[in-house]
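# Structural overview for review
Residues per chain, in single letters:
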Amino acid sequence: MLSGCATKPNIVSKDNMQILNSEQRVALLQKKKAWRLRGKIAFIQKIPDEQDKRESATIFWQVDENKNKQTLDLTSYLGINVLHLSSTQGEHFLKVDGKEYHSDNLSQLIYSLTGLTLPTEALSFWLKGLPYQADDQVVFDSKTSLPTSITSNYHNASWQISYEKYQIFKQLPMATKFTIKKNGLLIKIAIKQWTFTDKTS
């Protein structure tokens, strides 16, 4: 993992937090194997000679890395569930428009059914400000030691993750506002609540 420092305004939302160095934060996060989050997600896809394609939803994502299980729900602002995902041991079951599908390739399955590019495998790392690949480039804030950006290679494409805001959950600073970019795709995520459900959390 390559790292650097960037001098930016304090991006932490609380001034009284205990500052962890990058190694301490990574060590703590690696112990957090069970977690869930709630927030909002928006996809903006640039299409040549057409209007941008925009999709937005509320997101609820629950992961148990110890059991290799996860559930993911995307819900419209009208409260309609537009996507329900359930994964166990690498098998993914997706429900869209009342129909159920399954595959062992989650990203391809989501794209084929919704047209949305969701980097699911890497996203669980990026959400926590962790590199997905060993050669990802991570830039840290010089004051808080928190990641401000990650440049990552996922499925033979370069992705840029930019972190704008952090908040403390269970004494651990977690990103609550960030963007993910690849070519003509922009994903915006705003997280309202991080919950760690490990017995040690």
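Residues numbered from 1 in each chain as written. Predicted model: local features only at pLDDT ≥ 70, side-chain atom pairs only at ≥ 80, totals over all residues. Heavy atoms only, no water.

### Points about the overall build of the protein
Along the protein, the regular secondary structure elements total three helices and twelve strands. Buried residues in the protein amount to 43% of all 201 residues. Working note: accessible area of the protein is about 11300 Å², and carbon and sulfur atoms make up 47% of it. (Helix = DSSP H or I, 4+ residues; strand = E, 2+ residues; numbered from the N terminus. Buried < 20%, exposed > 50% of the residue type's maximum accessible area, 1.4 Å probe, protein only. Areas by Shrake-Rupley, 256 points an atom, 1.4 Å probe, with all protein chains shown as cover.)

### Re the pattern of salt bridges
What the rule picks out here adds up to four salt bridges. One salt bridge in this structure joins D52 and K46, with 3.4 Å as the shortest N-O distance. The exposure class of K46 is exposed, given its relative accessible area of 54%. K128 is the partner of E65 in a salt bridge, and the nearest nitrogen-oxygen pair spans 3.1 Å. With a gap of 63 residues between them, E65 in the loop between strand 3 (53–64) and strand 4 (69–75) and K128 in the loop between helix 3 (120–126) and strand 8 (137–141) connect regions that are remote in the sequence. Note on E65: relative accessible area 32%, which makes it partly exposed. Salt bridges sharing partners connect three or more residues here, namely K33, E65 and K128. (Salt bridge = Lys/Arg side-chain N within 4 Å of Asp/Glu carboxyl O.)

### Some words on helix 2 (residues 106–114)
Among the residues of helix 2, those classed as buried are L106, S107, L109 and I110. Angular distribution of buried residues about the axis of helix 2 spans 165°; they occupy a single face of the element. Set apart from the buried face of helix 2 by more than 90 degrees, the exposed residues are Q108 and S112. The opening residue of helix 2 is N105, an N-cap whose side-chain oxygen sits 3.1 Å from the backbone nitrogen of Q108. The first or second residue beyond helix 2 is G115, which carries a positive phi of 80°. (Arc of directions from axis to C-beta. Polar contact = N/O pair within 3.5 Å; in protein donor to acceptor, adjacent residues only side chain to side chain.)

### Notes on empty space enclosed by the protein
Tallied over the entire structure, the rule returns two cavities of 30 Å³ or more. By volume, the largest cavity amounts to about 50 Å³. F43, I44, Q45, K53, E55, G115, L116, T117 and L185 are the residues that line the largest cavity. Within the residue set of the lining of the largest cavity, elements represented by two or more residues are strand 2 (34–45) and strand 3. Residues belonging to the lining of the largest cavity are distributed by class as follows: four nonpolar, three polar and two charged. In this structure, the second largest cavity spans a volume of roughly 30 Å³. Contributing to the lining of the second largest cavity are I41, F43, I59, L72, L74, L118 and L123. (1 Å grid on protein atoms, 1.4 Å probe; cavity = no way out; pocket = protein on both sides within 12 Å on 5 of 7 lines; lining within 4 Å. Points joined across faces, edges and corners; volume = space filled by probe spheres on them. Nonpolar A, V, L, I, M, F, W, Y, C, P; charged D, E, K, R; others polar.)

### Description of the environment of E23
Structurally, E23 is set in helix 1 (residues 22–31). For E23, a relative accessible area of 55% corresponds to the exposed category. Along the sequence, E23 and S145 sit 122 residues apart, while their C-alpha atoms lie 9.2 Å from each other. In terms of polar contacts, E23 uses its side chain to reach the side chain of S22, at 3.2 Å.

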